[in-house]
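Structural overview
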Amino acid sequence: MKKYLSFFRIRLINGLQYRAAAWAGVVTQFTWGGLTLLMFWAFYQNGQNIFPMTFSELSSYIWLQQALLALYMAWYFDNDIFDTITSGNISYELCRPVDIYTMWFTKNMAVRLSRALLRSMPILIVAVFLPKPFNISPPASVLSGLLFLISMILGFLVLIAFSMLIYISTFYTMSPLGIRILVTSVVELLAGGIIPIPFFPQSLQTIINVLPFASMQNTPFLIYNGYFEGNDILLSMLLQIGWVITLMLLGRVLMRKALRKVVIHGG
Amino acid sequence: MKLYLKYASIILRCQLQYKVSFLMSTIGQFLVAFSTFLGVYFMFNRFGSVNGFTYTEVLLCFAIMLTSFSLAECFVRGFDAFSGIISNGEFDRIMVRPRNEIFQVLASRIEFSRIGRLFQAIALFMYAIPKSGVLWSVDKIITLALMLLGGFFVFSGLFIIYATLCFFTTEGLEFMNIFTDGTREFGKYPLSIYGEGILKFLTYVVPVALFQYYPFLYLIGRTDNILYMLAPVAGIAFIVPCLIFWKIGVRHYKSTGS
């Protein structure tokens, strides 16, 4: 456990160094969030009664999404890991007395966390002081605030467990680029990265809600803004736990299979 | 021009060496644009219209934006990778060659896989053009062509500014993405839906509305003002200050020495 903690710490501290980049990111994401809300506002003007949630609930959703982008963005991958596999450096990793799955998992967590730590606060602080209904509201209740934190971590784990599958697929394809673009665009859509899931057609929502992608960012944000209540919260969080366990087990099995017949490319 | 074609054929052959990867990237580009389209589709499925614009009208707008962006991205993407060209010293080599610098940067990188996006745009056009209710008279066709051309030049101008900033900072600036990728993403809707302030900014500061919103109004018959139809010409002129800025940047250039 201790060794994985230090991997985590090294990556985290490393990631915290890029402060100028973080400021540029804050500006970009803030503008992005603002424009997204203005777009929804235009739709809100003619269809208030068919809006699936109140506008300030939506504002909270969008600002959380922008602030925590680094935690949940599907297109971000650690290029070091791909390089390790394709260049053959994986042989060094195999010699180390560590479990590769756990090591990559913690590294990924650390990189994303460091980015989120730098970027989330400035965005959230400004978003609090925006005029109503464009501002981020406090969580629907104290309880939903607490559950949001737990669900946020669970969603984070689901996402990383899923992206581990993409890393592992490189063992089989040796060319990560294509699959990456392909998968990330699908994940972005189904996770609610383009429009929040409650805006999808009703019939599709029932299917999408059980897929692992909805368990990533969608669940915590909907708990925060009060869209999910009572049983919905419980069910969606149980689903999150289910997906974390399933995806991690699947990842480990595939990893073990891949490592058993891994081909090292040169030295 | 002949030289450019030669460069292009070399790059194309190069990229086709990795057939599966090339195909996957092309499909990927298509899918990225497709998921954006689904976002628009779902919104209209629920709301029907936005600010008085119908679904097919917005699709037409989206297709125009996507086409001009993907064309610009395909041919002018060399500027996007410009921070790399500066930091590895390749620009020194470019400067000693007896050809125009812009030409060389342009020809150094052509991303053919971006045509995935273009396919998407063409598919959208094929659907939206007959359904949009626009009567395709000569002036409407000219308007459409001007919009695409204007879009191509405005995006190219933005890519050039992005590259020129690298002369001063050596590194790419992430916030410039708002103007390029952001314009592509948010420009799928007519720009007026973002409100008066944003529209003014996008008219006078970054002239995106000149090839999108104003001629679009003419295209769908909301106005007869011929000035609106010719607005993209002013958008094309945007390339001039960009090129001047580039010249200043080149004079400012200090090699990184590597």
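Presented here is an overview of the structure given in this document. Just so you know, these numbers come straight off a predicted model, no measurement behind them.

**Re the overall build of chain A**
What chain A contains, in helices and strands, is 12 helices and zero strands. If you list the helices and strands of chain A from N to C, you get α-α-α-α-α-α-α-α-α-α-α-α. On C-alpha atoms alone, chain A measures out to a radius of gyration of 19 Å, which is about the 18 Å that the 2.2 N^0.38 rule sets for 267 residues. Along the longest, intermediate and shortest principal axes, the C-alpha atoms of chain A span 60 × 40 × 35 Å. A buried classification covers 54% of the 267 residues belonging to chain A. Carbon and sulfur atoms make up 69% of the accessible area of chain A, which totals about 12200 Å².

**As for the interface of chain A and chain B**
Every contact between the two is made by 38 residues of chain A and, on the other side, 32 residues of chain B. Interface area, chain A with chain B, both sides summed: about 3000 Å², of which 76% is carbon and sulfur. Three residues stand out in chain A for area buried against chain B, namely W32(A), L35(A) and F43(A), and they jointly supply 21% of the buried area on that side. On inspection of chain A and its partner chain B, the count reaches zero salt bridges. Across the chain A-chain B interface, the total number found is five residue pairs in polar contact (both at pLDDT 80 or more). Contributions of two or more residues to the side of chain A that touches chain B are made by helix 2 (19-46), helix 9 (176-190) and helix 10 (202-210) of chain A. Top contributing element to the side of chain A that touches chain B by residue count: helix 2 of chain A, with 15 residues.

**Some thoughts on the pattern of salt bridges**
Note that side chains of opposite charge can pair when their charged atoms are close. Inspection of every chain in the model, using the stated rule, returns nine salt bridges over all chains. For R11(A), the salt bridge identified is with D78(A), shortest N-O distance 2.9 Å. Here R11(A) is found in helix 1 (residues 2-15), whereas its partner D78(A) is found in the loop between helix 4 (69-72) and helix 5 (79-87), with 67 residues between them in sequence. In this structure, R11(A) and D78(A) share a single accessibility class: buried. When salt bridges that share partners are traced, they join D181(B), R184(B), E185(B) and K188(B) into one network.

**Observations concerning a nonpolar patch on the surface**
The grouping of L234(A), L238(A), I241(A), I245(A) and L249(A) at the surface amounts to a nonpolar patch, some 490 Å² of accessible area in total. You can call I241(A) partly exposed: its relative accessible area is 39%.

**Quick notes on a positive patch on the surface**
All names here are of chain A. Taken together, R256, K257, R260 and K261 make up a surface patch of like positive charges. With respect to the secondary-structure elements, R256 resides in helix 12 (residues 231-260). When its relative accessible area of 53% is taken as the criterion, R256 is described as exposed.

**Section: the packing of aromatic side chains**
Residue and element names in this part refer to chain B. Under the counting rule described, the total for this entry stands at 45 aromatic pairs over all chains. Residues F34 and F37 carry aromatic rings whose centres are separated by 5.7 Å and whose planes lie at 35° to one another, so their mutual orientation is tilted. Of this pair, F34 and F37 both sit in helix 2 (residues 19-47), three residues apart, roughly one helical turn. The partly exposed category is assigned to F34, whose relative accessible area is 31%. With a centroid separation of 5.7 Å and 85° between ring planes, the pair formed by F152 and F153 is classed as edge-to-face. Note that K140 overlies the ring of Y218, its terminal NZ or CZ placed 5.9 Å from the centroid.

**Points about the side chain of S151(A)**
Residue and element names in this part refer to chain A. In this fold, S151 is placed in helix 8 (residues 142-173). Reaching out from S151, the side chain makes a polar contact with the side chain of Q240 at a distance of 3.0 Å. Those residues in contact with S151 that lie beyond four places of it in its chain are T219, P220, I223, M237 and Q240.

**Some words on the nonpolar core**
Judged by nonpolar contacts, the single largest core of 154 residues is most densely connected at F40(A), W104(A), F82(B), F91(B), Y189(B) and W246(B). The element contributing the most residues to this core is helix 8 of chain A, with 15 residues. In this view, F82(B) contacts F91(B), V105(B), A163(B), C166(B), F167(B) and W246(B); residues no more than four positions away in its chain are not counted. Judged by nonpolar contacts, the second largest core, of nine residues, contains Y4(B), C74(B), F103(B) and F112(B).

Quick notes on the rules
- Residues numbered from 1 in each chain as written.
- Chains lettered and ligands numbered in written order.
- Predicted model: local features only at pLDDT ≥ 70, side-chain atom pairs only at ≥ 80, totals over all residues.
- Heavy atoms only, no water.
- Helix = DSSP H or I, 4+ residues; strand = E, 2+ residues; numbered from the N terminus.
- Rg over C-alpha atoms; globule rule 2.2 N^0.38 Å.
- Buried < 20%, exposed > 50% of the residue type's maximum accessible area, 1.4 Å probe, protein only.
- Areas by Shrake-Rupley, 256 points an atom, 1.4 Å probe, with all protein chains shown as cover.
- Contact = heavy atoms within 4.5 Å.
- Buried area = accessible area lost by both parts, 1.4 Å probe.
- Salt bridge = Lys/Arg side-chain N within 4 Å of Asp/Glu carboxyl O.
- Polar contact = N/O pair within 3.5 Å; in protein donor to acceptor, adjacent residues only side chain to side chain.
- Patch = residues over 30% accessible without salt bridge, like charges linked within 9 Å, V, L, I, M, F, W, Y side chains within 5 Å.
- Lys, Arg positive; Asp, Glu negative; His and termini not counted.
- Charge placed at Lys NZ, Arg CZ, Asp CG, Glu CD.
- Phe/Tyr/Trp six-rings, centres within 6.5 Å; stacked < 30°, edge-to-face > 60°.
- Lys NZ or Arg CZ within 6 Å of the ring centre and 35° of its normal.
- Core = buried A, V, L, I, M, F, W, Y, C linked by side-chain atoms within 4.5 Å.

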